[in-house]
Each structure stands twice: as structure tokens, then as C-alpha cells.
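# Coordinate inspection notes
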Amino acid sequence: MVDVRGMSGGKQFRLGLLGSGKGSNAAAIADACASGQVPAQVAIVISDEAEAGILQRARERGLPAVFIAPGKLRVKLDEAAGAAYIRALQEAQVDLVVLAGFMRILKGEFLRVFAQRVVNIHPALLPAFPGLEAWKQALEYGVKVTGATVHFVDEGVDTGPIIAQRTVPVLPGDTAATLHARIQEAERVVYPATIAALARGAIRVEGRQTVWQ
Ligand code: GRF
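These lines cover the structure that appears in this document, whether it is placed above or below. Remember, predicted model here, so these are calculated numbers, not experimental data.

## Focus on the overall build of the protein
Across its full length, the protein holds six helices and ten strands. Radius of gyration (C-alpha) of the protein: 16 Å, near the 17 Å computed for a compact globule of 213 residues. Expressed along its principal axes, the backbone C-alpha trace of the protein runs to roughly 50 × 40 × 35 Å. Across the 213 residues that make up the protein, the buried fraction comes to 52%. Long-range contacts, defined here as pairs at least 24 residues apart, represent 64% of the contacts in the protein between residues at least 6 apart. The centroid of the 23 positive side-chain charges in the protein is displaced by 2 Å from the centroid of its 20 negative side-chain charges.

This is the structure:
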């Protein structure tokens, strides 16, 4: 049994946000921290894209935001970059690494250092439609319901223990864009709520099962 510990000794629970894109999830999480809905603080925001919206949104909110070059690999961080990400997150003393549209697969040393401390949001109801553009996969498959999944990150792609899911209907006439927008609305609800529970220490992991207490 792994205990995902929340706030201890009155110390504020610290989040490290990683993203490559526009940062709507990161903004929702930062705003939920600022309003007190999530009992945590954003300690650092890191992107592998120098011009990413997520960095802009973080800076607008007065949060530390840094670009760290990902190295020469296309879908992963190379070894030196991985070490730089780990160092930055450790220096910021993060308790939880929150992937918010981070487009690189994290492996090996990173997941050992932050074991059971990395979460991701995926725009489908896992285990259906893992991988890229999950909303398009769902639309093309013809499902009537899809949604968003918050899960722990393990060595696979979108395979870690599921913490929370929120459903979204697929409506007649939906396009990839309208469905994605509806899923992102759901993400902005379920992700902050799940991070709040993690920060409170209210989630226990037992193998693949996560238990909300
Ligand atoms: C989200 O739709 C999330 O599901 C996926 O990447 C997207 C990031 O969007 N993992 P944003 O950068 O949070 O706006």
C-alpha cells in the first residue's frame, strides 16, 4: 500500500506543473490554488516549449515559470534534460508533479525520483483511447460518451492507476474541436478537484486501485 501523503506539519503542499501547450489546465489549477479551492501552491511551472502559452499564463499569475530544453529526442527528455527537470522540481521542493498537456513521455530516473508523485490528465475515459488526440479517436470510433481521466503516471503510456474520471456526452454534429472543448471543460473541473484530494492526503493507492478517503 502506498500512502500519497498530503500536507504535513502545516507545510503548504507544493505543485510542479509541466506542460507544452496553451495551459488551460495549468491556469485552472493555479486559480483554484489561489482561491483556496485546492490547498496547495504552484511552486514552479516548466515547459519544453519556450513560447508555450502555459509559461505566459503562469507569468501573468506571478508564478515561477521556466523553459527547460528537452534535448535531442522527439518524444522523451534526453538524459541531461531529464536530470535538469528533476533538479528544478527538487529545488522547488515539489510534493506532486502535475502534467498538464506535457507532450513528452517520462520514464526511468524521473519516475523513480517522483514515485507515485506524478499525475496526468488524459482527454478520454481510459483505458479507451490512450495516446494522442484521444477526442478524435473517440469521435471516429463512434462512442456516445467519453470524458477525462486523471491518473498516476507509470512507465507505460496512459496506463497508470486511475484516480478520477468525468464523463462527457458526444453530441450529434460534434466535430473534433467541439468535442475537445467540452472535454477540456470537464478537465478544468476534475483535475483541480483531484489535486485538492491529493493535497489533503485523501487518496490511497493499493496496486491499481485508488481509494478516496
Ligand atoms: C489537455 O486536453 C489534456 O487532456 C492533454 O493535453 C491538453 C492540454 O491542454 N493531456 P492545456 O495546455 O491544458 O490547455
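Text resumes after the structure shown.
## Comments concerning the sheet that holds strand 5 (residues 96-99)
Spatially, 4-3-2-5-6-7-8 is the arrangement adopted by the seven strands of the open sheet, whose pairing is mixed. Strand pairing shows two members of the sheet lacking a second neighbour, strand 4 (65-67) and strand 8 (162-169), which therefore form its edges. Across this sheet, the average inter-strand angle for adjacent strands is 20°, counted without regard to direction.

## Here we look at the site of the ligand
Residues in close proximity to the ligand include G21, K22, G23, S24, N25, G101, I121, P123, H180, Q184 and E187, which together make up its full environment. Separating an oxygen atom of the ligand from a backbone N or O atom of K22 is a distance of 3.3 Å. A distance of 2.7 Å separates an oxygen atom of the ligand from a polar backbone atom of G23. In this structure, the ligand is accommodated by the largest pocket. When contributions to the shell around the ligand are tallied by element, the ones reaching two or more residues are helix 1 (24-35) and helix 6 (176-199). The dominant element in the shell around the ligand, judged by the number of residues it contributes, is helix 6, at three residues. A per-class count over the shell around the ligand returns two nonpolar, seven polar and two charged.

## Some thoughts on the layout of surface pockets
A volume near 870 Å³ is recorded for the largest pocket. Together, 35 residues line the largest pocket, and G101, F102, M103, N120 and L132 are the ones closest to its centre. Elements represented by at least two residues in the lining of the largest pocket include exactly helix 1, strand 6 (118-122), helix 5 (134-141) and helix 6. Its residues assigned to classes, the lining of the largest pocket shows 14 nonpolar, 14 polar and seven charged.

## Things to note about helix 3 (residues 79-91)
End to end, helix 3 covers 18 Å across 13 residues, agreeing with the expected 18 Å (1.5 Å per residue, within 8%). Here helix 3 has its buried residues at A81, G82, A84, Y85, I86, A88 and L89. Looking at the buried residues of helix 3, the elements they touch are strand 2 (13-19), strand 3 (40-47), strand 5 and helix 4 (108-113). Following helix 3 by one or two positions, Q93 has its phi on the positive side, about 55°.

## Overview of the packing of helix 5 against helix 6
Helix 6 packs onto helix 5 with a crossing angle of 120° between their chain directions and a minimal axis gap of 9 Å. Here helix 5 lies oblique to helix 6, going by the angle between them. Helix 6 is crossed by helix 5, and the crossing has right-handed handedness. On helix 6, the residues that touch W135, K136 and L139 of helix 5 are A176, L179, H180 and I183. Class assignment for the residues of the contact of helix 5 with helix 6 results in five nonpolar, one polar and one charged.

Rules used throughout
- Residues numbered from 1 in each chain as written.
- Predicted model: local features only at pLDDT ≥ 70, side-chain atom pairs only at ≥ 80, totals over all residues.
- Heavy atoms only, no water.
- Helix = DSSP H or I, 4+ residues; strand = E, 2+ residues; numbered from the N terminus.
- Rg over C-alpha atoms; globule rule 2.2 N^0.38 Å.
- Buried < 20%, exposed > 50% of the residue type's maximum accessible area, 1.4 Å probe, protein only.
- Contact = heavy atoms within 4.5 Å.
- Lys, Arg positive; Asp, Glu negative; His and termini not counted.
- Charge placed at Lys NZ, Arg CZ, Asp CG, Glu CD.
- Pairing = 2+ DSSP bridges.
- Axes fitted to C-alpha atoms, helices over the stretch in contact; angles between N-to-C directions.
- Near = heavy atom within 4 Å.
- Polar contact = N/O pair within 3.5 Å; in protein donor to acceptor, adjacent residues only side chain to side chain.
- 1 Å grid on protein atoms, 1.4 Å probe; cavity = no way out; pocket = protein on both sides within 12 Å on 5 of 7 lines; lining within 4 Å.
- Sits in = over half its atoms within 2 Å of the grid points.
- Nonpolar A, V, L, I, M, F, W, Y, C, P; charged D, E, K, R; others polar.
- Points joined across faces, edges and corners; volume = space filled by probe spheres on them.
- Expected span 1.5 Å × (residues − 1).
- Parallel < 35°, antiparallel > 145°, perpendicular 65-115°, else oblique.
- Left-handed = near helix turned anticlockwise from the far one by under 90°.

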